[in-house]
Amino acid sequence: MPSDMTETVLASERIYEGRIIRVRRDTVRLPNGQESRREVVEHSGAVAVLAMSDPQTVLLVRQFRLPTGGQLLEVVAGGVEAGEAIEECARRELQEEIGKQAGTLIPLYSAYVAPGYCTEMIYGFLALELSDSRLTHDEDEFVETVEMSLDAALTAIESGDIRDAKTIACLTMAERWLRNHVL
């Protein structure tokens with residue numbers, strides 16, 4: 001196995017350009033000198049925000065997700081717009097999805113969503129000291145706010161009622177952060 005596993009892009013072809021994603025097909029030179037193809041989904045990044053109304057209560061959203069064929073229980077989330085700062089995006093999504101502002105926004109993690117084929121990086125936050133804000137849903141977004149205890153949400157991961165990776169990451173990272181900090 002070579003110590004340098006870098007793949008060098010020899011050619012790149014744009015095969016799709018949409019509102020949320022772009023797709024390209026790259027021809028690459030592998031570390032062993034052979035050529036191969038890679039399909040890459042380009043995405044501008046996203047935020048995931050666990051809103052907590054108090055140290056034991058989380059606010060999640062339930063919404064229909066077409067690719068899954070059903071409704072999912074998730075943290076507040078959304079895509080980063082061109083030129084938008086990550087924290088600004090998190091604050092905007094809180095307002096749009098659940099009508100809240102955060103007095104404190106704590107970074108929890110950043111992670112690639114699916115690095116085998118996608119450039120998307122997601123940034124997880126914990127939102128505390130919530131106050132009401134003007135609710136301005138996106139016109140194509142239908143969400144229901146669901147309030148539950150943090151313990152119930154963690155149990156919902158174990159039972160399979162929460163199956164969304166960004167939500168699982170936010171809940172588990174927030175639970176860990178809360179164990180180490182006194183509110």
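Residues numbered from 1 in each chain as written. Predicted model: local features only at pLDDT ≥ 70, side-chain atom pairs only at ≥ 80, totals over all residues. Heavy atoms only, no water.

Draft legend 1. Inspection of unusual backbone geometry at higher detail. Residue E129 is not a glycine yet carries a positive backbone phi of 55°. Mapped onto the secondary structure, E129 falls in strand β9 (residues 121–132). (Helix = DSSP H or I, 4+ residues; strand = E, 2+ residues; numbered from the N terminus.)

Draft legend 2. Seen up close, the packing of helix α2 (residues 150–159) against helix α3 (residues 165–180). Following both chains from N to C, one finds α2 and α3 inclined at 135°, their axes separated by 10 Å at the closest point. With respect to their mutual orientation, α2 and α3 come out oblique. In terms of crossing hand, the pair formed by α2 and α3 is left-handed. Residue-level inspection shows L150, A153, L154 and I157 of α2 in contact with α3, the latter providing I168, L171, T172, E175 and L178. Tallied by class, the residues present in the contact of α2 with α3 amount to seven nonpolar, one polar and one charged. (Axes fitted to C-alpha atoms, helices over the stretch in contact; angles between N-to-C directions. Parallel < 35°, antiparallel > 145°, perpendicular 65-115°, else oblique. Left-handed = near helix turned anticlockwise from the far one by under 90°. Contact = heavy atoms within 4.5 Å. Nonpolar A, V, L, I, M, F, W, Y, C, P; charged D, E, K, R; others polar.)

Draft legend 3. Seen up close, the pairing of strand β3 (residues 35–43). Of the strand pairs in this sheet, strand β2 (residues 21–29) and β3 are connected by nine bridges, and their pairing is antiparallel. The partner of I21 across the bridge, within β3, is H43. Hairpin remark: β2 followed by β3, antiparallel, with five residues in the connecting loop; positive phi at G33, about 95°. (Pairing = 2+ DSSP bridges.)

Draft legend 4. Structural context of the pattern of salt bridges. Tallying each qualifying case throughout the model produces 19 salt bridges. Notably, a salt bridge pairs R22 with E42, separated by 3.2 Å at the nearest N-O pair. Of the two residues, R22 is situated in strand β2 and E42 in strand β3; the sequence distance between them amounts to 20 residues. On the basis of relative accessible area, E42 is assigned to the buried category, the value being 12%. For E87, the salt bridge goes to R91, with nearest N and O atoms at 3.3 Å. Note that E87 and R91 are positioned in helix α1 (residues 86–98) at a spacing of four residues, about one turn of the helix. Note on E87: relative accessible area 38%, which makes it partly exposed. Under the relative-accessibility criterion, R91 is labelled partly exposed at 31%. It is possible to trace a salt-bridge network through shared partners that takes in R14, E17, R22, R24, D26 and E42. (Salt bridge = Lys/Arg side-chain N within 4 Å of Asp/Glu carboxyl O. Buried < 20%, exposed > 50% of the residue type's maximum accessible area, 1.4 Å probe, protein only.)

Draft legend 5. Molecular detail of the nonpolar core. Residues L50, M52, V58, L60, L126, I162 and L171 are the most contacted members of the largest nonpolar core, which totals 26 residues. Sorting the residues of this core by element identifies β4 (46–54), β5 (57–65), β8 (100–112), β9, α2 and α3 as the ones contributing at least two each. Other than its neighbours up to four places away in sequence, V58 contacts L50, A51, M52, V146, E147, M148, S149, L150, A153 and L171. Of all hydrophobic cores here, the second largest spans 16 residues; its members include V47, V49, V80 and A90. (Core = buried A, V, L, I, M, F, W, Y, C linked by side-chain atoms within 4.5 Å.)

Draft legend 6. Just the pairing of strand β1 (residues 8–17), in detail. The pairing of β1 with β2 spans eight bridges and is classified as antiparallel. Its bridge partner being in β2, R14 is matched across the sheet by R24.

Draft legend 7. A look at the sheet that holds β3. Strands sit in the order β1-β2-β3 across an open sheet of three strands; the sheet is antiparallel. The outermost strands of the open sheet, each flanked by one partner alone, are β1 and β3. If you compare each strand with its neighbour and ignore which way they point, the axes differ by 25° on average.

Draft legend 8. Inspection of the state of the cysteines at higher detail. Evaluated as defined, the whole model comprises zero disulfides. Here C118 is not disulfide-linked; the sulfur of C89 is the nearest cysteine sulfur, at 15 Å. Owing to a relative accessible area of 11%, C118 belongs among the buried residues under this scheme. (Disulfide = S-S within 2.5 Å.)

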